[in-house]
Amino acid sequence: MVSQAKNDPGGSKILVVDDEESLADMLATALRFAGYEVGSEPTGLDALQSIKDAPPDLVILDVNLPDIDGFEVCRRIRNDGFRAPVIFLTARDSTDDLRTGFGGGGDDYLTKPFSLEELTLRIEAILRRTHNEEDENHLICGNLKLDEDLHQVFVEEREIELSPTEFKLLRYLMLNQGHVLSKTQILDYVWEYDFEGNDAVVETYVSYLRKKLGSEAADLIRTVRGTGYVLRKADS
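Residues numbered from 1 in each chain as written. Predicted model: local features only at pLDDT ≥ 70, side-chain atom pairs only at ≥ 80, totals over all residues. Heavy atoms only, no water.

Taking an unreviewed UniProt entry as the reference, the chain is identified by name as Response regulator belonging to Candidatus Lucifugimonas marina.

Structure follows, in structure tokens:
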């Protein structure tokens, strides 16, 4: 029996890469029943193109493929910057093979034959861990996402180029979303205490920020007249 996915997988996309058609169909059917969106490819080269065109949230990757093996597929996608989890399916269980798989960027493996129940449990655990790690490194408000580690800002999938001061201002608003911040608080945090200007600079940089974010995301930054600013979702 296949367990129903417990981590609210709606929208999570899994790519199954296996040239054994009956196995690939069985996995796709079971994972769709568990609540995932599933695609499949029969070869390593097809998988590389599919991942490039529509990156999935997790890849189930057979090691023995008819063109390039799964280890090589994993190595190439990691070199291209793909960071979503990879679970290997393999008939090999030697230490050297496992070292090759994990050394090339794999996250887990299952030795054939395996149970569908075990596979779905491992998928749930890996996606839950991945989502938690992403939440720790990102600040999110509506369609706006800020990556603290990489110093990147996205509206939907579009990256927004911000100056260091604009980034710091947006980060402070996002850290305090839902809370009104006075211009003095913003000055103290963004420009620090040695700033020798007036609070008009806050208005100027909020204007810069809104313009760069675009109309929909800019509406998240609300002006509280006589006080300052607050970052708030449109429905809150």
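(A) Representation of the packing of helix α7 (residues 183–191) against helix α8 (residues 200–213) in the model. Where α7 contacts α8, the axes come no closer than 9 Å and their chain directions differ by 75 degrees. The orientation of α7 with respect to α8, classified from their angle, is roughly perpendicular. For the pair α7 and α8, contact is made by Lys183, Ile186, Leu187 and Trp191 and by Val201, Val202, Glu203 and Tyr205, respectively. Among the residues making up the contact of α7 with α8, the classes are represented as six nonpolar, no polar and two charged. (Axes fitted to C-alpha atoms, helices over the stretch in contact; angles between N-to-C directions. Helix = DSSP H or I, 4+ residues; strand = E, 2+ residues; numbered from the N terminus. Parallel < 35°, antiparallel > 145°, perpendicular 65-115°, else oblique. Contact = heavy atoms within 4.5 Å. Nonpolar A, V, L, I, M, F, W, Y, C, P; charged D, E, K, R; others polar.)

(B) Structural view of the nonpolar core. Ranked by internal contacts, the top residues of the largest apolar core, which has 29 residues, are Val153, Leu170, Ile186 and Leu213. The element best represented in this core is helix α6 (residues 164–175), accounting for six residues. Discounting residues that sit within four places of it in the chain, Ile186 has contacts with Leu169, Tyr172, Leu181, Trp191, Val202 and Tyr229. Counting residues in each nonpolar core, the second largest holds 20 residues, with Ala24, Ala28, Ile87 and Leu89 among its members. (Core = buried A, V, L, I, M, F, W, Y, C linked by side-chain atoms within 4.5 Å. Buried < 20%, exposed > 50% of the residue type's maximum accessible area, 1.4 Å probe, protein only.)

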